[in-house]
Amino acid sequence: MNILILGGGGREHSLAWAVKQNPKCDRLIVAPGNAGIAEIAWVAPDLDIEDGEAVVQFAEDNSVDFVIVGPEAPLATGVSDDLRAAGFLTFGPSRAAAQLEASKAFTKEVCDAARAPTAAWARFTDAASAKAHIAHNGAPIVVKADGLAAGKGVIVAMTEGEATAAIDDMFSGQFGDAGAEVVIEEFMTGEEASFFVLCDGTTALPIGTAQDHKRVGEGDTGPNTGGMGAYSPAPVLSDGVAERALREIVEPTLAEMARRGTPYFGVLYVGLMIENGAPRLVEYNVRFGDPECQVLMMRLGGQALDLMQAAAEGRLSETAVHWADDHAMTVVLAARGYPGAYEKGSAIRGLEALPEDSSNMVFHAGTREIDGQITASGGRVLNVTTRGATLAEARDRAYAMIDAIDWPEGFCRRDIGWRVLG
Ligand code: AMP
Ligand code: GLY
């Protein structure tokens, strides 16, 4: 089977690594890929992965049998629709179904129709009525730009002043079109965790749980990032809570999406708030999380290909996940300054000496090879990912690898997993 993976971050490196372990995988191509991915797959750095026609042409030219779409941007532009229309087996939702991530108001409407537990909400297209709603409900309260805003469109306001300032920012165009409509939500309390489910239009198959660390600083302080580390499983998402989330949130959502004529295919990233054993939906993403994917792939290994193929072919009801009773952790090495301004181009040394096996992997998130030297080319640069019989064992492996990497321009959080490990 010739496989094309779209994307070029740590998520796609881990997908490529897992897929490659499956004997079914013949040729593996990743577009655009990165320097780490180039060590295990053929990369196509010049393909515009948001251009459906170009991707279809590329898949035809390269006799691709199966396409796995990593990031949300090509899903939002309908690349998976173009691929499926051209007859390619594709893992990733349609443009219509990707609205579950692209529009917060859409997701809330679907939840209401599905009677899925989530925060109470209202939508606004003008500042005056949004502010009246805030004055009426008081703080804390959550203000969200409706559209995709690169993870920056959510303000959890602890005071009414913060909330009204967020309204002004959004309607002044700070988030572009994403902020033309605003969703205001009830503030939920509890512990957050992520639940990953494969979907084939009707059946939902859980493939793991994770928790990430969004803040840049130790002790969960400082500005939000795309994620500084993650681990799997998430203890708060016990089997019982997962079962409730599946029955009360995921399955009714899939049924509602099918009823609307836009069945959901692919992976659904279910962001949950859990309080007293009861899960409520915070958000959906229509792709694997980054870096959550890295810990899931570390635990699933080569079966990930069979599972994604079964989802794309509508065979999940006859498919099982084989779990080891293990734990995985990923620690993000980022460029100093991230999530603010940072330098590109610094050299990263010491990677060659590190182990690369089913318990220790360095996935590349933002790297380029320049004259034979691996260099940093992004904010989040490496994802040191490990597995162990316990989370403590995985953690010790991860930080031992990090200590062997020579990259003075980088930094990481030293407390990934603190909720579990103390
Ligand atoms: P989202 O992009 O919708 O996941 O929001 C980003 C983060 O904001 C979430 O991971 C939560 O930490 C927080 N958040 C979003 N909505 C709520 C809510 N209704 N109540 C409390 N926190 C929230
Ligand atoms: N790590 C959060 C995300 O991928 O959205």
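Quick look at the structure, then. (Residues numbered from 1 in each chain as written. Chains lettered and ligands numbered in written order. Predicted model: local features only at pLDDT ≥ 70, side-chain atom pairs only at ≥ 80, totals over all residues. Heavy atoms only, no water.)

**Focus on the overall build of the protein chain**
The line we're drawing: Starting at the N terminus, helices and strands are each numbered in turn, a helix being any DSSP run of H or I of at least four residues and a strand any DSSP run of E of at least two. Computation of the radius of gyration draws on C-alpha atoms, with the globule rule given as 2.2 Å multiplied by the number of residues to the power 0.38. When a residue's accessible area, from a 1.4 Å probe over protein chains only, is under 20% of the maximum for its type it is buried; when over 50% it is exposed; and in between it is partly exposed. Residue burial considers only the protein chains on display, and all accessible areas are found by Shrake-Rupley using a 1.4 Å probe. Note that His is not counted, nor are the chain ends; the positive residues are Lys and Arg, and the negative ones are Asp and Glu. The atoms used to mark charge sites are NZ of Lys, CZ of Arg, CG of Asp and CD of Glu.
From N to C terminus, the protein chain includes 13 helices and 22 strands. Against the globule reference of 22 Å for 422 residues, the protein chain gives a C-alpha radius of gyration of 21 Å, in line with a compact fold. Taken over the C-alpha atoms alone, the protein chain extends approximately 60 × 45 × 40 Å along its principal axes. The 422 residues of the protein chain split such that 57% are buried. Approximately 16,500 Å² of the protein chain is accessible, and the part contributed by carbon and sulfur atoms is 48%. Between the centroid of the 34 positive side chains of the protein chain and the centroid of its 59 negative side chains there is a distance of 3 Å.

**Description of the site of ligand 2**
Inclusion rule: We call a residue near a given molecule or strand whenever any one of its heavy atoms falls within 4 Å of it. Polar contact is defined as a pair of N or O atoms within 3.5 Å, subject to the rule that within protein one atom must be able to donate a hydrogen and the other to accept it, and that residues adjacent in sequence are counted only when both atoms are side-chain atoms. Polar here means any residue other than Ala, Val, Leu, Ile, Met, Phe, Trp, Tyr, Cys and Pro, which are nonpolar, and Asp, Glu, Lys and Arg, which are charged; Gly is therefore polar.
Neighbouring residues of ligand 2: Asp212, Gly226, Tyr269, Asn285, Arg287, Gly289, Asp290, Pro291 and Glu292. A distance of 3.1 Å separates a nitrogen atom of ligand 2 from a polar backbone atom of glycine 226. A distance of 2.9 Å separates an oxygen atom of ligand 2 from a polar atom in the backbone of aspartate 290. Tallied by class, the residues present in the shell around ligand 2 amount to two nonpolar, three polar and four charged.

**Points about the pattern of salt bridges**
Spelled out, the test is: Counted as salt bridges are all cases of a side-chain nitrogen of Lys or Arg within 4 Å of a carboxyl oxygen of Asp or Glu.
Tallied over the full model, the rule gives 23 salt bridges. A salt bridge links arginine 247 to glutamate 243; the shortest N-O distance between them is 3.4 Å. With a gap of four residues between them, arginine 247 and glutamate 243 both fall in helix α9 (residues 239-259), about one helical turn apart. In this structure, aspartate 396 engages arginine 395 in a salt bridge whose closest nitrogen and oxygen atoms are separated by 3.1 Å. The class of aspartate 396 is partly exposed, set by a relative accessible area of 47%. When its relative accessible area of 25% is taken as the criterion, arginine 395 is described as partly exposed. Connected through salt bridges with shared partners, the residues Glu72, Glu101 and Arg287 form a single ionic network.

**Topic: the site of ligand 1**
By nearness alone, 15 residues border ligand 1, and Glu185, Glu186, Met188, Glu192 and Glu283 come closest of all. Between ligand 1 and glutamate 185, the relevant distance is 2.8 Å, taken from a nitrogen atom to a side-chain nitrogen or oxygen of the residue. Separating an oxygen atom of ligand 1 from a side-chain N or O atom of glutamate 192 is a distance of 2.4 Å. For the shell around ligand 1, the elements supplying multiple residues, two or more each, are β7 (141-145), β8 (154-157), β9 (182-186) and β16 (278-285). Of the residues assigned to the shell around ligand 1, the class counts are eight nonpolar, no polar and seven charged.

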